[in-house]
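Examining the three-dimensional arrangement
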Amino acid sequence: MSRVRAIELLLVELPLVRPFRTSFGEMAEKRCILVRVETDGGEGWGECVADTRPDFSGEFNDGAWLVLRDFLAPALVRAGDVDVGSVEESFAAIRGNPMAKAALLDAFVDAELRADGTSLASWLGAERPRVECGVSIGIAPSVDALLAQVDGYLAEGYRRIKLKIEPGTDIERVRAVRAAHPDILLSVDANAAYTPSDADVFRAMEDLGLLMIEQPLHHEDLLRHAELQANLRTDLCLDESIRSVADTAAALDLGACRIVNIKQGRVGGVLEARRIHDLCRERGVPVWCGGMLETGVGRALNLALAAMPGFTLPGDTSASARYFEDDLTTPFELAPDGTMAVPSEPGIGVTPLPERLQVCVTRREIVRPRSKE
Ligand code: NPG
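An account of the accompanying structure is given in this report.

Thresholds, definitions, all that
- Residues numbered from 1 in each chain as written.
- Predicted model: local features only at pLDDT ≥ 70, side-chain atom pairs only at ≥ 80, totals over all residues.
- Heavy atoms only, no water.
- Near = heavy atom within 4 Å.
- Polar contact = N/O pair within 3.5 Å; in protein donor to acceptor, adjacent residues only side chain to side chain.
- Areas by Shrake-Rupley, 256 points an atom, 1.4 Å probe, with all protein chains shown as cover.
- Nonpolar A, V, L, I, M, F, W, Y, C, P; charged D, E, K, R; others polar.
- Pairing = 2+ DSSP bridges.
- Helix = DSSP H or I, 4+ residues; strand = E, 2+ residues; numbered from the N terminus.
- Axes fitted to C-alpha atoms, helices over the stretch in contact; angles between N-to-C directions.
- Phe/Tyr/Trp six-rings, centres within 6.5 Å; stacked < 30°, edge-to-face > 60°.
- Buried < 20%, exposed > 50% of the residue type's maximum accessible area, 1.4 Å probe, protein only.
- Lys NZ or Arg CZ within 6 Å of the ring centre and 35° of its normal.
- Contact = heavy atoms within 4.5 Å.

1. Focus: the site of the ligand
- Not every one of the 15 residues close to the ligand is listed here, only the nearest: Ser-136, Asn-191, Lys-263, Leu-293 and Tyr-323.
- In this structure, an oxygen atom belonging to the ligand sits 2.6 Å away from a side-chain N or O atom of Asn-191.
- Considering the ligand on its own, with 430 Å² of exposed area, one finds that the protein chains cover 98% of that surface.
- Within the shell around the ligand, the residues separate by chemical class into six nonpolar, three polar and six charged.

2. Focus: the pairing of strand β2 (residues 25–39)
- Bridge analysis of strand β1 (residues 2–22) against β2 gives 14 bridges, and the strand direction is antiparallel. Across the sheet, residue Val-4 finds its bridge partner in β2, namely Thr-39.
- Taking the residues that link successive antiparallel strands as the turn, the β1-β2 hairpin has two residues.
- Relative to strand β3 (residues 42–47), β2 is paired through six bridges, and the arrangement is antiparallel. Bridge pairing links Glu-38 to Glu-43 in β3.

3. Considerations on the sheet that holds strand β11 (residues 259–262)
- Pairing is parallel in the open sheet, where seven strands are placed in the order β6-β7-β8-β9-β10-β11-β12. Each edge of the open sheet is held by one strand with a lone partner, namely β6 (135–137) and β12 (287–289). Taken over all neighbouring pairs, the strand axes of this sheet differ in orientation by 25 degrees on average, direction set aside.
- With three bridges joining them, strand β8 (residues 185–189) and strand β9 (residues 212–214) adopt parallel strand pairing. For Val-188, the partnering residue across the bridge sits in β9 and is Ile-213.

4. A short note on the packing of aromatic side chains
- As enumerated under the stated definition, the model contains four aromatic pairs in all.
- An angle of 80 degrees between the planes, with centres 5.8 Å apart, marks the rings of Tyr-153 and Tyr-158 as edge-to-face.
- What makes Tyr-153 buried here is its relative accessible area of 6%.
- Sitting over the face of the ring of Trp-288, Arg-160 holds its NZ or CZ atom 5.2 Å from the ring centroid.
- In this structure, Arg-363 is placed above the aromatic ring of Trp-65, and the distance from its NZ or CZ to the ring centre is 4.1 Å.

5. Details of the environment of Leu-146
- Relative to the elements of secondary structure, Leu-146 occurs in helix α4 (residues 143–156).
- Leu-146 sits 125 residues away from Arg-21 along the chain, and the two C-alpha atoms are 12 Å apart.
- Here Leu-146 is in contact with Ile-137, Ala-140, Leu-163, Arg-173 and Val-177, once residues within four sequence places are set aside.

Spelled out as structure tokens, the structure:
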């Protein structure tokens with residue numbers, strides 16, 4: 001139980017080692033909000049997975065900044081004494097905005113666990129000291145460029161390759177990668193770029209032994225996903241469509257997918273992520289940990305989550321070097337066997353390096369209790 005003394009918002013910018021192209025656009029640098037929560041017990045860090053534009057979801061940095069500064073942070077400092085069991089209630093009157101909520105909630109949970117000397121992984125009931133890692137490859141300029149990237153990542157040890165696809169840049173790319181690597185775990189991610197009339201594209205992929213097809217259709221269309229899944233042998237996985245445990249239950253009841261991508265930053269934080277994990281585990285549905293090109297702060301949290309028992313597939317939890325020349329934290333490294341160590345220090349187990357913050361922070365603001373509070 002702690003009282004929040006101050007909440008600091010920091011906007012950070014880091015160049016990516018290579019631009020990341022998806023069906024909705026290209027990112028050349030990572031820009032995101034970090035949240036630092038100061039309680040009477042210590043401090044904690046969270047990272048918001050929103051980006052500059054509202055493309056992956058309706059949230060984006062400038063909007064998330066305002067929601068955090070004007071609504072969520074004041075609600076948390078007004079709440080008085082809170083603990084990890086009651087912190088979500090402080091946000092209950094604020095609708096939506098799960099990415100902004102996740103950043104603040106995760107920072108608070110981190111502060112509580114650090115003060116308590118407990119690692120997030122052990123608090124979540126994580127069972128593995130290391131997790132298996134996959135890598136997500138953006139839409140490449142050519143088939144040859146894609147094959148070269150795949151070779152490079154496999155040589156580093158990654159245990160699953162995920163290819164971003166979009167209409168017109170799909171089946172031939174996937175065929176080429178499968179022909180070069182008949183036995184690897186391979187999946188595709190459409191980021192909602194297709195419509196039900198594109199079902200032939202997915203039928204054409206049936207013989208390629210894909211681990212899954214991720215988010216083929218519109219993020220709000222569970223019914224069409226269910227129809228598509230009923231007509232495909234390949235498992236569908238949902239990402240953008242899953243914003244909560246309620247969405248997850250609806251998707252599973254409808255048969256809209258057979259695998260779930262859990263991104264704690266997309267579902268309002270680590271507590272809701274745990275609920276989704278628990279529901280899927282109860283129903284025997286495999287889950288894996290997605291990624292949003294997080295800095296070391298978000299990555300540490302993802303690794304703790306990915307070590308929970310229901311996370312049975314390799315996640316998009318790649319090494320810092322896959323994204324940044326210089327991460328914000330001590331870099332996360334991939335072992336040659338394609339696994340990464342789960343942080344075991346208290347809380348998320350890492351803290352942004354002050355010298356990196358000095359270079360990367362472009363904006364800061366602090367929310368404190370008003371004096372009468
Ligand atoms: O390795 O963190 C990573 C990236 C994984 O492909 C990935 N993320 O749709 O899942 C996605 C995609 C993404 C990244 C979406 C950034 C939006 C922003």
